[in-house]
Amino acid sequence: MRKTAIGKWAGIWLAVLGGGMSVHATGHSFDQTKEISAIIEPTDITKEDAIRIALQQVKGRVVHVELEKDEGVLAYEIIILTEQNQVFEIDVDVKTGKVIKVESESL
């Protein structure tokens, strides 16, 4: 997957430091609800399923969820903040529920 820009993380940190929680199911080309429903099949995992899968990999607080397509794979990108203030990105395949990536992020 791609390297994430600092600007994206700045917004997430503002939400975290402000006590808010940002959970979205929108992404790069998936800004319209109709587009998402046309892509997500009834047999695909839900956002909630993806969050549960991600939290099995990294314990913490979910601060952001985004649906993205990268290299032809549709995945939920889930950002988790740990109790040690570490940020992790976990990508979960929408079709299979398989964890594609677990990556520690730095600001």
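Everything below is about the structure shown above.
Since we're looking at a predicted model, the values are computed, not measured.

Chemist: Hey, could you run me through the pairing of strand β3 (residues 87-93) in this one?
Modeler: Within a regular strand, the side chains alternate between the two sheet faces. The element β3 is extensively covered by neighbouring structure, given that 7 of its 7 residues are classed as buried. Where burial is concerned, the two faces of β3 agree: the one with V87, E89, D91 and D93 and the one with F88, I90 and V92 are both buried. Bridging between strand β2 (residues 73-81) and β3 involves 7 bridges; their strand directions are antiparallel. What sits directly across from A75, in β3, is D93. Where β2 folds back onto β3 in an antiparallel hairpin, the turn is made up of 5 residues, including N85, whose phi is positive at roughly 60 degrees. Bridge analysis of β3 against strand β4 (residues 99-105) gives 6 bridges, and the strand direction is antiparallel. Following the sheet pairing, F88 is matched in β4 by S104. In sequence, β3 turns back onto β4 through a hairpin of 5 residues, with G97 there showing a positive phi of about 80 degrees.

Chemist: Can you help me understand the sheet that holds β4 in this one?
Modeler: Strand pairing in a sheet relies on backbone hydrogen bonds. The paired strands run either parallel or antiparallel. The antiparallel open sheet is built from 4 strands, whose spatial order is β1-β2-β3-β4. Looking at strand neighbours, the two that pair on one side only are β1 (61-70) and β4, the edges of this open sheet. Taking each pair of neighbouring strands and ignoring which way they run, the sheet shows an average axis angle of 20 degrees. With respect to the sheet, helix α3 (residues 47-57) is in contact with β1, β2, β3 and β4, its orientation differing from that of β2 by roughly 55 degrees.

Chemist: Before we go on, may I ask you to explain unusual backbone geometry in this structure?
Modeler: Trans is the common state for peptide bonds, and a negative phi is the common state for residues other than glycine. With a phi close to 60 degrees, N85 is a non-glycine residue in the positive phi region. Mapping N85 onto the fold places it in the loop between β2 and β3.

Chemist: So what exactly am I meant to see when it comes to the environment of E66 here?
Modeler: Its place among the elements puts E66 in strand β1. Taking relative accessible area as the criterion, E66 reaches 8% and is therefore assigned buried. Each C-alpha atom, one on E66 and one on I79, is 8.7 Å from the other, the two residues being 13 residues apart in sequence. A distance of 3.0 Å separates a polar atom in the side chain of E66 from a polar atom in the side chain of H64.

Rules and cut-offs
- Residues numbered from 1 in each chain as written.
- Predicted model: local features only at pLDDT ≥ 70, side-chain atom pairs only at ≥ 80, totals over all residues.
- Heavy atoms only, no water.
- Buried < 20%, exposed > 50% of the residue type's maximum accessible area, 1.4 Å probe, protein only.
- Helix = DSSP H or I, 4+ residues; strand = E, 2+ residues; numbered from the N terminus.
- Pairing = 2+ DSSP bridges.
- Axes fitted to C-alpha atoms, helices over the stretch in contact; angles between N-to-C directions.
- Contact = heavy atoms within 4.5 Å.
- Polar contact = N/O pair within 3.5 Å; in protein donor to acceptor, adjacent residues only side chain to side chain.

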